[in-house]
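Chain and residue survey
Now for the letters of each chain:
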Amino acid sequence: MTQTHFQTLIHARWLITIEQDGEILHHHTLAIENDSIAAIAPTADAAHWTADEVITLDEHALMPGFVNLHGHSAMTLLRGYADDLALMDWLQNHIWPAEGKHVSHDFVRDGSMIGMAEMIRSGTTTINDMYFYHSAVAEAGQKAAMRTFVGASILEFPTNYAQNSDEYIRRAMTEREAYLNDPLITFTLAPHAPYTVSDDTFRKVIATSEKHNMLVHCHIHETADEVNNSVKEHGKRPLARLNDLGVLNDKLIGAHMVHLNDEEIVLVARLNIAIAHNPSSNMKLASGIAPIQKLLDAGVTVGIGTDGAASNNKLDMFAETRSAALLAKVGTLNPTAVPAATALRMATLEGAKALHIADKVGSLKVGKRADLIAIDMGSLETAPAFDVISHIIYTAGREHVTHSWINGRCVMRARTLTTLDESALKITASEWRERIQK
Ligand SMILES: CSC[C@H]1O[C@@H](n2cnc3c(O)ncnc32)[C@H](O)[C@@H]1O
Ligand SMILES: [Zn+2]
């Protein structure tokens, strides 16, 4: 017999499936059962469906939650700590010294929870993170009930977390053990960047990735200096070096990838490397404009990320996706570059593809996990609503997100978080500011 009683029913004015570019279903009902989307039908045909909870969203668009493909959640605690600087000055003279003084398990747990609260309030349901103290990130992901990819950072130099690259890898693999059966937590290997990781360590990362089927997440070709310094030091550009080391394959997510020549774009497409595009961070650190339309034309999977709150300084996928659409146009002087529907797909399904979870999330489809958000289109700023996809990219903001479900669980209802305590997190953030300012 066909099921007609569900855990949750959501009646929505618009349903943006992302299954087909620009597809919009009008007046549809989506049913959630356990962790998944159990049914989707026109509301008129679903009149006989019942549920434990029925939510009527007459002026809302329902869409898959955003996949933030590159971030450092805990860096919310360093938001606004050092602005208006170039990457290496920002890292070497400000951020790394501050991390050396303050980063601990508690810093990462608290900062990650604050970041996840901000991301859920901004419509993000999956975060591909990269930081130190992996079990603290995982603990925050469990508390927030957010789909979390915990990037186990690996560098050559000592930090509070580990003394050398072997210790980073060892700790990553040990801490991962406790989360192997968690449906929301997945560990990845995160060598920081070609300029902080040796050839030998990259080889170990690849061997570990192959043995344990783990994704690899790395900052690559972020600035022109990075590329030029690599030519001086290694006699080749970072991508060529990584290619020689066997790092380039479909498990790699390259964050930034701003400085790519035409040959490298062909290589990236051929080897199925995914890219996390971070337009705000690239603008703020003056890293450059990534050739996104060229990459898309070549068939590369490009998702969108916020980077950390110390280089953005928001964890807002609305702002980021809008910037991706605008920056592509100004970078090519072509107003048709990265149109709205493409930008939205990048911020959802393409991010899911990069993380190898497109069979589970990234679009609204029966059988997929219920990772979705509701956006209120009834406010003055979003009137009139001719085209909801245009509104999501160019007009609406994170403040219009009212509800969010992750893995079937409602994590924000009418803008109130259900898994995290927003007031308590604000107090925690000010306590950390006092400590850091001392
Ligand atoms: C090893 S993961 C965390 C490590 O990366 C630093 N970081 C943050 N944003 C960026 C960026 O855009 N490029 C390079 N490194 C970055 C962060 O401060 C941590 O030290
Ligand atoms: Zn980053």
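Not measured: the values here are computed from a predicted model. (Residues numbered from 1 in each chain as written. Chains lettered and ligands numbered in written order. Predicted model: local features only at pLDDT ≥ 70, side-chain atom pairs only at ≥ 80, totals over all residues. Heavy atoms only, no water.)

For the rest of this paragraph, the subject is the UniProt feature "binding site: substrate" (unreviewed entry) in the protein. The UniProt entry lists Glu99, His192, Glu222 and Asp307 under the feature "binding site: substrate" (unreviewed entry), expressed in the numbering used here. Take Glu99: it is sitting in helix H1 (residues 87–102). Not counting residues within four places of it along the chain, the set of residues in contact with Glu99 comprises Met75, Leu78, Tyr131, Phe132 and Asn160. (UniProt positions renumbered as here; feature names shortened; annotations may be inferred. Helix = DSSP H or I, 4+ residues; strand = E, 2+ residues; numbered from the N terminus. Contact = heavy atoms within 4.5 Å.)

A separate point is the packing of helix H2 (residues 105–121) against helix H3 (residues 134–144). Contact geometry for H2 and H3: axes closest at 8 Å, N-to-C directions at 35°. By crossing handedness, the relation of H2 to H3 is classed as right-handed. Every residue of H3 that contacts H2 at His105, Val108, Arg109, Ser112, Met113, Met116 and Ile120 is listed here: Ser135, Ala136, Val137, Glu139, Ala140, Gly141, Lys143 and Ala144. When grouped by side-chain class, the residues that make up the contact of H2 with H3 number eight nonpolar, four polar and three charged. (Axes fitted to C-alpha atoms, helices over the stretch in contact; angles between N-to-C directions. Left-handed = near helix turned anticlockwise from the far one by under 90°. Nonpolar A, V, L, I, M, F, W, Y, C, P; charged D, E, K, R; others polar.)

Residues in contact with ligand 1 amount to 19 residues; listed here are only the nearest, Trp96, Glu99, His192, Glu222 and Asp307. His192 is positioned with one of its side-chain polar atoms (N or O) 2.8 Å from a nitrogen atom of ligand 1. Contact between ligand 1 and His256: an oxygen atom at 3.4 Å from a side-chain N or O atom of the residue. Relative to its free-state accessible area of 450 Å², ligand 1 is covered by the protein chains to the extent of 100%. (Near = heavy atom within 4 Å. Polar contact = N/O pair within 3.5 Å; in protein donor to acceptor, adjacent residues only side chain to side chain. Areas by Shrake-Rupley, 256 points an atom, 1.4 Å probe, with all protein chains shown as cover.)

UniProt tags residues 62–410 as "domain: Amidohydrolase-related" (unreviewed entry). Taken as a whole, residues 62–410 contains 42% helix and 17% strand, while its terminal C-alpha atoms sit 14 Å from one another.

Below, the discussion takes up the coordination of the zinc ion (ligand 2). Within the first shell, the zinc ion (ligand 2) binds the protein through His70 (NE2), His72 (NE2), His219 (NE2) and Asp307 (OD), at distances of 2.1 to 2.2 Å. Judged by relative accessible area, His72 falls into the buried class, the value being 8%. The buried category is assigned to Asp307, whose relative accessible area is 4%. (Donors = N, O, S within 2.8 Å, 3.2 Å for Na, K, Ca; no water. Buried < 20%, exposed > 50% of the residue type's maximum accessible area, 1.4 Å probe, protein only.)

All right, on to the packing of aromatic side chains then. A complete count under the given rule lists eight aromatic pairs for this structure. Each ring, one from Phe66 and one from Phe318, has its centre 5.1 Å from the other, and the planes form 80°; the classification is edge-to-face. Of this pair, Phe66 sits in strand E5 (residues 66–71) while Phe318 sits in helix H11 (residues 317–332), and the two are 252 residues apart along the sequence. There is no split in this pair, since Phe66 and Phe318 are both buried. Pairing Phe107 with Trp432 gives two aromatic rings, centres 5.3 Å apart and planes at 80°, and the pair type is edge-to-face. Here Phe107 is found in helix H2, whereas its partner Trp432 is found in helix H14 (residues 422–437), with 325 residues between them in sequence. Judged by relative accessible area, Phe107 falls into the buried class, the value being 0%. One aromatic cluster is present, formed by Tyr133, Tyr161 and Tyr168 through successive ring pairs. The ring centre of Trp432 lies 4.2 Å from the NZ or CZ of Arg435, which sits over that ring. (Phe/Tyr/Trp six-rings, centres within 6.5 Å; stacked < 30°, edge-to-face > 60°. Lys NZ or Arg CZ within 6 Å of the ring centre and 35° of its normal.)

Taken domain by domain, the protein holds domain 1 (5–64 + 364–407) and domain 2 (66–354). Placing the centre of domain 1 and that of domain 2 at their C-alpha centroids yields a distance of 29 Å. Counting residues at the interface gives 26 residues for domain 1, matched by 32 residues for domain 2. Interface of domain 1 and domain 2: buried area, both sides summed, is about 2200 Å²; carbon and sulfur atoms make up 64% of it. Counting across the domain 1 and domain 2 interface gives three salt bridges. On inspection of domain 1 and its partner domain 2, the count reaches seven residue pairs in polar contact (both at pLDDT 80 or more). (Domains from an automatic or database assignment. Buried area = accessible area lost by both parts, 1.4 Å probe. Salt bridge = Lys/Arg side-chain N within 4 Å of Asp/Glu carboxyl O.)

Turning to the sheet that holds strand E2 (residues 24–33), a few remarks are in order. Pairing in this open sheet of eight strands is mixed, and the strands run E3-E2-E1-E4-E13-E14-E15-E16 from one edge to the other. Whereas interior strands pair on both sides, the edge strands pair on one side only; in this sheet they are strand E3 (36–42) and strand E16 (416–417). Bridge count between strand E1 (residues 5–16) and strand E4 (residues 50–64): nine bridges; the pairing is parallel. Directly across from Leu15, in E4, lies its bridge partner Leu62. In this fold helix H13 (residues 388–395) packs onto E1, E2, E4 and strand E13 (372–376), with an angle of close to 85° to the strand it touches most, E1. (Pairing = 2+ DSSP bridges.)

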